[in-house]
Amino acid sequence: MIVRWGIDALRSVVQGNALLVASERWEDPFGAASRWTEVPCDRVEEAAALARDCVVALGGGSAIDLGKAISARAGVPLVSVPTTYAGAEWTEFYGVRTPDRRMAGGGGGAQLYAIVYEPTLTLDLPRTTTVGTAMNALAHCAEALYVQGHNAEADEHALAGARLIGKWLPRVVDAPRSLEARTELLRGACHAGQALGGSMLALAHAMAQAVGGRYGLPHGTLNGICLPPALRFNEQFAPDAVARFRNAVGRDVAELSALGGVTRLRDLGVPEDDLPALAQAAAGRPGNQANPRPATPGEIEELLRSVY
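These numbers come from a predicted model, not from an experiment.

Here is what the cut-offs are and how they apply
- Residues numbered from 1 in each chain as written.
- Predicted model: local features only at pLDDT ≥ 70, side-chain atom pairs only at ≥ 80, totals over all residues.
- Heavy atoms only, no water.
- 1 Å grid on protein atoms, 1.4 Å probe; cavity = no way out; pocket = protein on both sides within 12 Å on 5 of 7 lines; lining within 4 Å.
- Points joined across faces, edges and corners; volume = space filled by probe spheres on them.
- Helix = DSSP H or I, 4+ residues; strand = E, 2+ residues; numbered from the N terminus.
- Nonpolar A, V, L, I, M, F, W, Y, C, P; charged D, E, K, R; others polar.
- Axes fitted to C-alpha atoms, helices over the stretch in contact; angles between N-to-C directions.
- Parallel < 35°, antiparallel > 145°, perpendicular 65-115°, else oblique.
- Left-handed = near helix turned anticlockwise from the far one by under 90°.
- Contact = heavy atoms within 4.5 Å.
- Pairing = 2+ DSSP bridges.
- Salt bridge = Lys/Arg side-chain N within 4 Å of Asp/Glu carboxyl O.
- Buried < 20%, exposed > 50% of the residue type's maximum accessible area, 1.4 Å probe, protein only.

Participant: Mind laying out empty space enclosed by the protein, listing which residues take part and the relevant values?
Facilitator: Scanning the entire structure with this criterion turns up 1 cavity of 30 Å³ or more. By volume, the largest cavity amounts to about 60 Å³. In terms of lining residues, the largest cavity is bounded by Thr128, Val131, Gly132, Met135, Gly220, Thr221, Gly224, Ser257, Gly260 and Val262. Elements supplying a minimum of two residues to the lining of the largest cavity: helix H4 (127-146) and helix H8 (219-234). Sorting elements by how many residues they give to the lining of the largest cavity places H4 first, with 4 residues. Grouping the amino acids of the lining of the largest cavity by side-chain chemistry returns 3 nonpolar, 7 polar and no charged.

This is the structure we're talking about:
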């Protein structure tokens, strides 16, 4: 993977006639041959028909997931320009969502080629999105340390990412237009993404995906809600890994999540009567199956109720 910092580096990694995938709020930074502005979108085949030599995805996780879906469908390289801290740019897997953000499928096989990080693109990121996507990145760090198949290289990135996010997320909340704080938080997300790419997901993400996919809710915010109970659960089965993570963060994870203002599933409108079905769905997801010990539907329901 080619990794560059600074938007000026984008032209050096774009290949030929590129399709730019970006919502209308973003200007075209390099002169794309064609553009797709409906983000998220489930019309992947229609968009892929516009991708001749390369696809450039500029935006948050929804834009990058759509770019990955197009890359896989069209068989062209993907260049990601992330504007949040979600880390989607580091894996070949993606989810396809409808314009109202409900899950409509997914897959893998994106041809990851390059990532260009530009911290100035994050300066106007709203507080809720900032904290939510940073908590998504922090969940990547935690899960990389104890997921089945974890490894020393991913651990190193996970701990580096946890340290940076724990230190700089509160500073970004206090001074959202601080370029230094935004840059360091983005570096933390970069490490978190590398940890994700080298290890993959566990229980917190399984819970967040089950809830978010059903109701079209923000994935990052849900990870912020689901990570603390998942950590408590996994302390039974991977205590050393959880301790390493907590020490690296240096702050209470639930307090970091609370910086975004939403801490309970009820705050997002999740119906309490749906918790058993959501728990059942989460139990079957790959993230739960890769957990140090997969949680049962009953255990997951109890975890969900603890943050309801």
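On we go.
Participant: How would you summarise the packing of H4 against helix H5 (residues 152-174) if you had to cite specific residues and measurements?
Facilitator: If you want to describe how two helices pack, look at the angle between their axes and the distance between the axes. Their axes nearest at 8 Å, the elements H4 and H5 cross at an angle of 160°. The orientation of H4 relative to H5 falls into the category roughly antiparallel. Note on packing geometry: the crossing formed by H4 with H5 is left-handed. Contacts between H4 and H5 involve Arg127, Thr130, Val131, Ala134, Met135, Ala137, Leu138, Cys141, Ala144 and Leu145 on the former and, on the latter, Asp155, Ala158, Leu159, Gly161, Ala162, Ile165, Leu169, Val172 and Val173. Grouping the constituent residues of the contact of H4 with H5 by class yields 15 nonpolar, 2 polar and 2 charged.

Participant: Break down the sheet that holds strand E4 (residues 54-59) for me, citing the residues and quoting the values.
Facilitator: Backbone-to-backbone hydrogen bonds pair the strands of a sheet. The strands run either parallel or antiparallel. On the basis of which strands lie adjacent, the open sheet formed by 6 strands has the order E1-E8-E5-E4-E2-E3 and parallel pairing. The two strands at the open ends of the sheet, each matched to only one other strand, are strand E1 (2-5) and strand E3 (34-36). Taking the axes of each pair of neighbouring strands and ignoring which way they run, one obtains an average angle of 20° across the sheet. Pairing between strand E5 (residues 77-82) and strand E8 (residues 111-117): 4 bridges, direction parallel. The residue bridging proline 77 from the neighbouring strand is glutamine 111, located in E8.

Participant: Summarise unusual backbone geometry; cite the residues concerned and give the values.
Facilitator: Cis rather than trans, the peptide bond between valine 39 and proline 40 has omega equal to -5°. Its place among the elements puts proline 40 in the loop between E3 and helix H2 (44-48).

Participant: Please provide a residue-by-residue account of the pattern of salt bridges, values included.
Facilitator: Scanning all chains against the criterion turns up 12 salt bridges. Note that glutamate 45 is salt-bridged to arginine 73, the shortest N-O span being 3.3 Å. Taken as a pair, glutamate 45 in helix H2 and arginine 73 in helix H3 (residues 61-74) lie far apart in primary sequence, 28 residues in all. A relative accessible area of 54% places glutamate 45 in the exposed class. Assessed through its relative accessible area of 46%, arginine 73 is described here as partly exposed. A salt bridge links glutamate 184 to arginine 187; the shortest N-O distance between them is 3.6 Å. One end of the pair is glutamate 184 and the other is arginine 187, both in helix H6 (residues 179-199) and 3 residues apart, which spans about a single turn.

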